[in-house]
Each structure stands twice: as C-alpha cells, then as structure tokens.
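Summary of structural features
Here is how the chains run, residue by residue.
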Amino acid sequence: MKILHVLLTQLSIPPTDYGGTERVLWGLYQGQKALGHEVKFITKNKNIHPDALYFDEKQSLESQIEGWADIIHFHYPYDGAINTPFVCTEHSNSEVEKEYPINTIYLSSRHADNYNANCFVHNGLYWPDYGEPNFNPKHYVHFLAKASWRIKNLQGSVRIAQKADMPMHILGGKRFNIRRNPYFYPSSKLTFHGMIGGEQKNELVRNSKGLIFPVLWHEPFGLAVIESLYLGCPVFATSFGALPDIVTQENIGLLSNSYSVLTEAVRNTDQFDRHACHHHAKQYFSHTAMAKGYLHCYERVLAGETLNSQKPKAKANIKDRLKMVS
C-alpha cells in the first residue's frame, strides 16, 4: 500500500521540536514502514528526508498529491476535491460547532463521542527515541504540560504534590506567569524547567516517581501520559477525556476527580508497578500498534465503507472546563 500523509505546517522530518502531532506522525511513519508500506509526507518545510515532499503554495493541493498514493491521510479536516480515497485525523478539540468529513478518525473513545462519531485510533510513539525506563526513581513526581493552559491544571497538580509532601518537577512552565493562567510558586520543593523536550525531558521523567495529570477538560489523548508510562511512571490523573482509555490497569496508576484521593495515591507511589507501566505503553501505544489501527481504517475506506455512520459534528460544550472535588 502507498500512503501519503499531509500535514501542511513547517513539519521537519524527523521532528526536532516539541510538537506532539509531529511526533505522532513520525511514529506512524515508522510503524507503517515497519509493516512494509510505502510512505511519503507533504509539508511546507523543504526537507532533505527522502520521503518528504515539498508543498508548493503556488500550485493547488490536488495537483501535487494526486496519482501516487493508494490512500491519502490528512492530519487536519479536509473536505475538498480529491479523487484518491482519503481519511482525516482530528488531533484536537474544536473551538466551534462544525461538520467534519465522514471518514474522520479521532484519538480516543471519548474524543470520538465528543463529535458524535465512533471511529478512533489511539496515538502511539516511536519508543526507540525514548531510551529505557528507570525502575529505581528519585524522590519527586512530575507535571508535564503547558502550565499556562488553565485546563492543564498546574494549580491542582501543585496542590496534590504539596499535600502529599512530594517534591515536583514542572516540565512545561516557568515559576512565574502573568498571562492566561497567572501563578507564582516560590517553594523550593517545586523545580521549573520551562518548555523542554528530547533527552532532557526523558531523563527527568524516567527518574520521577509518577506523573500528576489532573486535567480539567476532555483531553483528546495525552502524549504526556503514555510517555510517562513508557519511562516507568505511574499516572495520577482525572478521569476526563482519553484517560480511561489509557490508564486501564490498577497497577499503573489511579484516575479520580477527587484531590484527596489523588493525593493519597501520590503518597503511596511505591504500590504501583513501574515494570507494568512500561510494558503497558509498549504493548498498546507503540508506533506499530498505532499503524495497525490506521491500516484497519484504510482497508475499510478502500473497500468502500465509511468510518462513521454520519458526518461528525463537534458538540457545543466540547471545550468546557470541568471540575474536581476536594
């Protein structure tokens, strides 16, 4: 099968930045190649990678992508004129109510439900890029998200860590912020690292006792969760969005919408199985597991099926902030 991926951003192949969608697409490319398929990308970045094609904005998209692929995989909603069969993956939550192409794929069961759809494929990552886990961690937990986004709930994460008397490393924010989600934490038990990626991020995560992730919205997926699991960290999170699809075993973490319940779990991180966390991520959220999920979708579309019973449409409250109890 010949597969063309379209993500019309300044995507670099392989990805070198912090972008989650780019890392997922890189993993999908690796997985599809491992399954024996021919794969190419089209991006706005002039890549030197042999499987990356440059998108010329002076020409129509159709003229540049027709004719090579058996199926085209758009990584944004595309509903234009194209003769080749195609699917789209929606990677985020919508800001507005609108219809999506009928062969749109979502990232989790709740993500699909938020659009009145039923087709989803869980994200996976290319785990060889992440090294190995540490089964003897240091004495701290971590937060991994954009701290300036209120829905990521840095304030709640700090509350849980402090109540549990556990030092915490914050990956994705600075100690002082005055925009969008103002905060200031002078505590020496909180270490802020800003927006980091690559091996620096992986080293901090693999040495952590666990991820605190009490998000206040229906997270479409949550790469921070599977990264942490792969590197041996149990996850302590709310049960919103994709989290129930990911944390499915009692020995790899705890989901609760109660601060006190999560705090008690963080006090007892040693009761969770770091080996089980690692193997869970390897089994269910690898690049090959994701590639097989998408391959099933491609085969259905090529056989003339539709992936959803009707055109998906975002629900009005899809981005509402959710609440936790004390």
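Check the entry above for the structure.
This write-up is about the structure you can find in this document. Residue indices follow the written sequence of each chain, beginning from 1 at its first position. Only residues with pLDDT of 70 or above have their local features reported here, since the model is predicted, and side-chain atom pairs are shown and tallied only from 80 upward, although totals for entire chains, interfaces and linings are computed over all residues. Computation of side-chain values: all heavy atoms of the structure, hydrogens and water removed.

Moving on to the overall build of the protein. We count a stretch as a helix when DSSP gives it H or I for four or more residues in a row; a strand needs E for two or more, and each element gets its number in order from the N terminus. Assigned secondary structure in the protein consists of 10 helices and 14 strands. Here the radius of gyration uses the C-alpha set of atoms, whereas the globule reference equals 2.2 Å times the residue count to the power 0.38. Taking 20 Å as the expected radius of gyration for a compact globule of 326 residues, we find that the protein reaches 20 Å, a close match to that expectation. For the C-alpha atoms alone, the extent of the protein along its principal axes is close to 60 × 40 × 40 Å. Each residue's exposure class comes from its accessible area (1.4 Å probe, protein chains only) as a fraction of the maximum for that residue type: buried when under 20%, exposed when over 50%, partly exposed otherwise. Residues counted as buried form 55% of the 326 residues belonging to the protein. Contacts: residue pairs with any heavy atoms within 4.5 Å of one another. Considering only contacts within the protein whose residues lie at least 6 apart along the sequence, 65% involve residues at least 24 apart. Once the 34 positive and 30 negative side-chain charges of the protein are each reduced to a mean point, those two points are 8 Å apart. His residues and chain termini do not enter the charge count, which takes Lys and Arg as positive and Asp and Glu as negative. In plain terms, the charge of a residue is placed at NZ if it is Lys, CZ if Arg, CG if Asp and CD if Glu.

Along its 15 residues, helix α1 (residues 20-34) runs 21 Å from first to last C-alpha, staying within 8% of the 21 Å computed at 1.5 Å per residue. In terms of residue burial, α1 counts as a mostly covered element, since 11 of its 15 residues are buried. Of all the positions in α1, only E22, R23, V24, L25, W26, G27, L28, Y29, Q30, G31 and Q32 are classed as buried. If you follow the buried residues of α1, they end up packed against β1 (2-6), β2 (38-43), β4 (71-74), α5 (198-206), α6 (223-230) and α10 (287-302). Residue G36 follows α1 closely and has a positive phi angle near 95°. By this rule the span expected of a helix is its residue count minus one, scaled by 1.5 Å.

So, about the packing of α1 against α10. It is the contact of α1 with α10, at a shortest axis distance of 8 Å, that shows an interaxial angle of 75°. Of the possible angle classes, the one that applies to α1 and α10 is roughly perpendicular. Note on element contacts: α10 touches α1 through H287, T288, M290, A291, Y294 and Y298, opposite V24, G27, L28, Q30, G31, Q32 and A34. For the contact of α1 with α10, the per-class residue count stands at 7 nonpolar, 6 polar and no charged. Throughout, an axis means a line fitted to C-alpha atoms (over the contacting stretch in the case of helices), and angles, computed between N-to-C directions, take values from 0 to 180 degrees. An angle below 35 degrees is read as roughly parallel, one above 145 as roughly antiparallel, one from 65 to 115 as roughly perpendicular, and any other as oblique. Residues were grouped as follows: Ala, Val, Leu, Ile, Met, Phe, Trp, Tyr, Cys and Pro as nonpolar; Asp, Glu, Lys and Arg as charged; and all remaining residues, including Gly, as polar.

Take the state of the cysteines next. The disulfide criterion used throughout: a pair of cysteine sulfur atoms within 2.5 Å. A full pass over the atoms with the stated rule returns 0 disulfides. The thiol of C233 is not disulfide-bonded; the next cysteine sulfur, from C277, is found 7.5 Å away. Since its relative accessible area comes to 0%, C233 is described here as buried.

Quick look at the packing of α6 against helix α9 (residues 274-284) now. The contact between α6 and α9 brings their axes to 6 Å, and the two run at 125°. With respect to their mutual orientation, α6 and α9 come out oblique. Seen from α6, the contacting residues are I226, L229 and Y230; seen from α9, they are C277, H278, H280, A281 and K282. When its residues are assigned to classes, the contact of α6 with α9 shows 5 nonpolar, 2 polar and 1 charged.

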